[in-house]
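# Structural characterization, general
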Amino acid sequence: LNIIPETVGLTFDLEGAKSLLAKADYGDDIAIPLIKDEPEITSASLAVSLCTDVLSQYSTYVTSNSNRNNNISLACQAINGTILLPGDVFSFNDIVGQRTTEKGYLSAGAYANGEVINEVGGGICQVSSTIYMCSLLADLEIVHRECHQFVVTYLPYGMDATVNWGTIDFQFKNDTKYPIKIEAGLSNGAVNIRLLGTKENDNTVEMTYS
């Protein structure tokens, strides 16, 4: 995250300048004093306030399937460190890209057309679902989300977000005034996601289902 150094602006008293002009005779030299306009936010103050607060965090536990966990780990690696500036939209498919054997993805179980099949990249929906849960808890704008055809076991009912290359994406928007950094990783048998940013209020979000 690059922070551009602040600059000191210059301004002047517009009404005062008008008054001087009104009083001047033809050919007079008029000196209009310039006033330094100090920035409200400096690079130093910004550096200590960006991505220092945990907006949300969530962990979901994985299975013992090595192929599936390999795919999950690769997806987390692709996402880890992603920076979303204010107004940016996170797209799971854009960030992770197509899941191919050339990238190291393996065949694992996935839902398709109402049944469980084996496909390259199977299991990465657990990553998109965990990020979806984090975006809900952080009260961020959900741009596009679709649920699985079946209930998933790693999240409460209705809190999942499926993805499929070329057809189904998960997207959320950074609708805060500050950058958001995504931390993603697979460790201790769980997908661990954190959204770091700058808290603008003390609101909390609690998700329930019925």
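This write-up is about the structure you can find in this document. All of these numbers come straight from a predicted model, not from anything done at the bench. (Residues numbered from 1 in each chain as written. Predicted model: local features only at pLDDT ≥ 70, side-chain atom pairs only at ≥ 80, totals over all residues. Heavy atoms only, no water.)

### Regarding the packing of helix H3 (residues 66-79) against helix H5 (residues 125-137)
It is at 8 Å that the axes of H3 and H5 come closest, and there the two elements cross at 50°. Between H3 and H5, the angle is such that the two are oblique. Every residue of H5 that contacts H3 at Arg-68, Ile-72, Ala-75, Cys-76 and Ile-79 is listed here: Gln-126, Val-127 and Ile-131. Grouping the constituent residues of the contact of H3 with H5 by class yields 6 nonpolar, 1 polar and 1 charged. (Axes fitted to C-alpha atoms, helices over the stretch in contact; angles between N-to-C directions. Helix = DSSP H or I, 4+ residues; strand = E, 2+ residues; numbered from the N terminus. Parallel < 35°, antiparallel > 145°, perpendicular 65-115°, else oblique. Contact = heavy atoms within 4.5 Å. Nonpolar A, V, L, I, M, F, W, Y, C, P; charged D, E, K, R; others polar.)

### Concerning the nonpolar core
If you look at the biggest cluster of nonpolar residues, it comprises 35 residues, and the most contacted ones within it are Ile-79, Phe-90, Phe-92 and Phe-170. Here this core takes 7 residues from H5, the largest share from any one element. Among all residues touching Phe-90, those that are not within four sequence positions of it are Ile-79, Leu-84, Ile-95, Ile-131, Phe-170, Gln-171, Phe-172 and Ile-182. (Core = buried A, V, L, I, M, F, W, Y, C linked by side-chain atoms within 4.5 Å. Buried < 20%, exposed > 50% of the residue type's maximum accessible area, 1.4 Å probe, protein only.)

### Topic: the pairing of strand S10 (residues 180-187)
Sheet topology note: the strand S4 (residues 83-84)/S10 ladder contains 2 bridges and is antiparallel. Looking across to S10, one finds that Ile-83 is bridged to Lys-181. In the sheet, S10 pairs with strand S11 (residues 190-197) via 7 bridges, with the strands oriented antiparallel. Bridge assignment links Lys-181 to a residue of S11, and that residue is Leu-196. Hairpin connection of S10 to S11: 2 residues between the antiparallel strands, including Asn-188 at a positive phi of 55°. (Pairing = 2+ DSSP bridges.)

### Quick word on the sheet that holds S10
Taken in spatial order, the 4 strands line up as S3-S11-S10-S4 in an open sheet, and their pairing is antiparallel. Taken across any chain shown, the strands that pair with only one partner, and hence form the sheet edges, are strand S3 (53-61) and S4. Along the sheet, H3 contacts S10 and S11; its crossing angle with S10, the most-contacted strand, is approximately 155°. Contacting S3 and S11, H5 crosses the sheet at an angle of about 145° to S3.

### Things to note about the sheet that holds strand S5 (residues 89-91)
Read from one edge to the other, the open sheet built from 3 strands follows the order S5-S9-S8, with strand pairing classed as antiparallel. Lying at the two open borders of the sheet, with one neighbouring strand each, are S5 and strand S8 (141-144). Geometrically, the sheet is characterised by an average inter-axis angle of 25° between neighbouring strands, direction not taken into account. In terms of strand pairing, S5 meets strand S9 (residues 171-173) through 3 bridges, oriented antiparallel. The residue bridging Ser-91 from the neighbouring strand is Gln-171, located in S9. Contacts from H5 reach S5, S8 and S9, with the element oriented near 140° to S8.

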